[in-house]
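The residues making up each chain are set out below.
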Amino acid sequence: MLTEFYRQVRQRSLTLIQGLSAEDTQLQSMPDASPLKWHLAHTSWFFETFVLLAHDPDYQAFDPTFNYLYNSYYNAAGKRHPRAHRGMVSRPSLERIRDYRAHIEDAMLRMLPSIDTKIEDIVQVGLHHEMQHQELMVTDFKHALWLNRYALTQIAAGPATPLDEAVSSLNNWRDYDGGLVLIGHDTSQGYGYDIESPEHQYYLQPFALARSPVTNADFLRFIDDGGYQNPDFWMSEGFELSQQQQWQSPLYWCMRQYLQSSDPNDIQLMTWGGYRRIDLNEPVTHISWYEADAFARWAGARLPTEFEWEHAARQQSVSGHFLEDKLYHPRAIATQAAKSDQLQQLFGDVWEWTQSSYAPYPGFQPAPGALSEYNGKFMINQMVLRGGSCASAQAHIRATYRNFFHPHQRWQFSGLRLAQDR
């Protein structure tokens, strides 16, 4: 079973570059992003370093220089190439990286049938690590394409939805009683990262969550009401940053004034498939924590805590729109679905910012050895997101899964769901 899961995950990474050129896989648009070629090599380096070299005495490294080139941030694994300059590594070639992956596959598939529980646990980390990088492959390459508008086609615009007829997440709540609840991953229930554990009790005050994520229509109302210009809604640091970088809309929106259009609905949106008119019923995405928090204040609400979010998510199955659907874009919220008693699109589509800082749970213990650097050392200056996105693999997402990014970052499929006190 593990062998088949290994094959599926590893093949998906190669599927993501089908139809792309070697030049496409070389692009690095900013220090936060990495070339597709680097992702393909780094995820293989993980298995070579932490499984094969560590536990197979007969294994010989494919190329000793790869440890320097494709180590990401593991100090215990040695020195590494500067992150901001990964796009400068034109050699080895994409073909050489494919050979590297094939070399790792052969060795891993020979080893997997006879591994013990300890090594299996590391392999599971490696597979979930690769699924994280598959999401980054989607979002990093999208950012690179954004810098070249002519790399994508113009999609024929569909019918425009009047703003007053669009689905809205505002004033559509589900109440929760709160009380003493369980938070965190139960290690007896399958795979989870160390930062999701231990499972522990947490006391919640009564609260409410919006039944659906905030939509493009909702966010457009915030824009039209001068939300980006009003410091009353913003954290000081976020407002200063938004003014410096001239944020006027979510990332990848092309606003009316730049299109020289008189149609109030003619706002263009970049997707993996090309540019098209925004769908007002889709969840807003590619916004920073600062924008999400400002919107919530404008709406007379707040962001949920990650504990409120998880308590609600434990009551629903993990279903939605994920990487496996190969659309790489959020789906619209159906009008009738928004009226359902269930929370809609809680999993998949867009990550949902919370007001919680990324911090350890009571009793947290990092993984032993070099893998202790995987998550724990990043527990500072970052905010928690929950639920997964259209670029997340479904097998990777759980109600307890904690994603984390700096509050200014926008290139991920990040949106929000409103909360209120009760």
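Only a predicted model underlies this, so the values are computations on that prediction, with no experimental measurement involved.

Enquirer: Help me out: how do you make sense of the environment of aspartate 99 in this one?
Expert: Position of aspartate 99 relative to the elements: it lies in helix H4 (residues 94-111). Taking C-alpha positions, aspartate 99 is 40 Å from tryptophan 289, a pair spaced 190 residues apart along the chain.

Enquirer: How should I be thinking about the domain arrangement of the protein chain in this particular structure?
Expert: How big an interface is tends to be expressed through the accessible area that disappears when the partners come together. Partitioning the protein chain into structural domains gives domain 1 (1-147) and domain 2 (163-421). For domain 1 and domain 2, the distance between their C-alpha centroids amounts to 28 Å. Each partner contributes residues to the interface: domain 1 has 31 residues there, and domain 2 has 34 residues. Here domain 1 and domain 2 share an interface that buries about 2900 Å² over both sides, 66% of which is from carbon and sulfur atoms. Ranking the residues of domain 1 by area buried against domain 2 places His128, Glu135 and Lys142 at the top, with a combined share of 24%. Counting across the interface, domain 1 meets domain 2 through one salt bridge. Across the salt bridge formed by glutamate 324 and arginine 12, the nearest N and O atoms sit 3.8 Å from each other. Going through the elements one at a time, helix H1 (2-15), helix H2 (36-55) and helix H5 (117-146) are the ones with two or more residues in the side of domain 1 that touches domain 2. Here the residues of the side of domain 1 that touches domain 2 are counted per class, giving 17 nonpolar, nine polar and five charged.

Enquirer: Sorry if this is basic, but what is going on with the side chain of arginine 101 here?
Expert: One can find arginine 101 in helix H4. By relative accessible area, arginine 101 is classed as buried at 2%. Within polar-contact distance, the side chain of arginine 101 engages the side chain of glutamate 130 at 3.0 Å. Not counting residues within four places of it along the chain, the set of residues in contact with arginine 101 comprises Arg10, Ser13, Leu14, Leu40, Thr43, Ser44 and Glu130.

Enquirer: How should the nonpolar core be read in this particular structure?
Expert: Within soluble globular proteins, side chains that are nonpolar generally end up buried alongside one another. Membership of the largest hydrophobic core comes to 124 residues, with the highest contact counts inside it found for Tyr70, Met108, Val123, Phe222, Trp253, Leu416 and Leu418. Counting contributing residues, this core receives three or more from each of domain 1 (1-147) and domain 2 (163-421). Residues contacting tryptophan 253, with those up to four places away along its chain left out, are Asn216, Leu220, Ile223, Ile267, Gln268, Leu269, Ile278 and Val284.

Enquirer: Would you explain the UniProt feature "domain: DinB-like" (unreviewed entry) in the protein chain in this entry?
Expert: Mapped onto this numbering, the UniProt entry gives "domain: DinB-like" (unreviewed entry) at residues 7-137. Within the segment residues 7-137, helix and strand shares are 56% and 0% respectively, and the terminal C-alpha atoms sit 18 Å apart.

Enquirer: When you look at the sheet that holds strand S5 (residues 253-254) in this model, what are you seeing that I'm missing?
Expert: Within a beta sheet, neighbouring strands are joined by backbone hydrogen bonds and run either parallel or antiparallel to one another. The strand order across the open sheet formed by three strands is S5-S6-S7, and the pairing between neighbours is antiparallel. If you trace the sheet from one side to the other, it starts and ends with S5 and strand S7 (274-277), each paired once. As judged from the four bridges shared by strand S6 (residues 268-271) and S7, these two strands associate in the antiparallel manner. Bridging across to S7, glutamine 268 finds its partner in arginine 277.

Enquirer: Hey, could you run me through the side chain of arginine 386 in this one?
Expert: Within the secondary structure, arginine 386 is located in strand S11 (residues 383-386). Among the polar contacts made by the side chain of arginine 386, one reaches the side chain of glutamate 310 at a distance of 2.9 Å. Among the polar contacts listed, one links the side chain of arginine 386 to the side chain of tyrosine 361, at a separation of 3.3 Å. Filtering out sequence-adjacent residues up to four positions away, arginine 386 remains in contact with Glu306, Trp309, Glu310, Val350, Trp351, Glu352, Thr354, Tyr361, Ala399, Thr400, Tyr401 and Arg402.

Enquirer: Sorry, what's going on with the packing of aromatic side chains here?
Expert: Where two aromatic rings form a pair, the distance of their centres and the angle of their planes describe that pair. Under the defined criterion, the tally for this structure stands at 35 aromatic pairs. Their ring planes at 40 degrees and their centres at 5.7 Å tell us that tryptophan 45 and tyrosine 74 sit as a pair that is tilted. Within this pair, whereas tryptophan 45 is found in helix H2, its partner tyrosine 74 is found in the loop between helix H3 (66-70) and H4, the two being separated by 29 residues in sequence. Overall, tryptophan 45 belongs to the buried group, its relative accessible area being 0%. A relative accessible area of 0% places tyrosine 74 in the buried class. An angle of 85 degrees between the planes, with centres 5.5 Å apart, marks the rings of tryptophan 146 and tyrosine 252 as edge-to-face. Linking tryptophan 146 in helix H5 with tyrosine 252 in the loop between helix H7 (236-244) and S5, this pair joins segments that are 106 residues apart in sequence.

Enquirer: I tried to follow unusual backbone geometry on my own but got confused; where do I start?
Expert: Both trends apply: most residues other than glycine have a negative phi, and most peptide bonds are in trans. Cis geometry is found at the peptide bond from arginine 91 to proline 92, where omega equals 10 degrees. Relative to the elements of secondary structure, proline 92 occurs in the loop between H3 and H4. For the peptide bond that leads from serine 197 to proline 198, omega is 0 degrees, which places it in the cis range. For proline 198, the position within the fold is in the loop between strand S2 (179-183) and strand S3 (200-204). Located in the positive-phi region is tyrosine 328, a residue other than glycine, with phi close to 55 degrees.

Enquirer: Is there a simple way to explain the sheet that holds strand S12 (residues 403-405) in this structure?
Expert: The four strands lie next to each other as S12-S11-S10-S13, forming an open sheet whose pairing is mixed. Each having just a single partner strand, S12 and strand S13 (414-415) make up the two edges of the open sheet. As paired elements, S11 and S12 share three bridges and run antiparallel to each other. Bridged to leucine 385 within S12 is asparagine 403. Docked against the sheet, helix H10 (residues 306-313) engages strand S10 (351-357) and S11, running at close to 130 degrees with respect to S10.

Calculation criteria
- Residues numbered from 1 in each chain as written.
- Predicted model: local features only at pLDDT ≥ 70, side-chain atom pairs only at ≥ 80, totals over all residues.
- Heavy atoms only, no water.
- Helix = DSSP H or I, 4+ residues; strand = E, 2+ residues; numbered from the N terminus.
- Domains from an automatic or database assignment.
- Contact = heavy atoms within 4.5 Å.
- Buried area = accessible area lost by both parts, 1.4 Å probe.
- Salt bridge = Lys/Arg side-chain N within 4 Å of Asp/Glu carboxyl O.
- Nonpolar A, V, L, I, M, F, W, Y, C, P; charged D, E, K, R; others polar.
- Buried < 20%, exposed > 50% of the residue type's maximum accessible area, 1.4 Å probe, protein only.
- Polar contact = N/O pair within 3.5 Å; in protein donor to acceptor, adjacent residues only side chain to side chain.
- Core = buried A, V, L, I, M, F, W, Y, C linked by side-chain atoms within 4.5 Å.
- UniProt positions renumbered as here; feature names shortened; annotations may be inferred.
- Pairing = 2+ DSSP bridges.
- Phe/Tyr/Trp six-rings, centres within 6.5 Å; stacked < 30°, edge-to-face > 60°.
- Axes fitted to C-alpha atoms, helices over the stretch in contact; angles between N-to-C directions.

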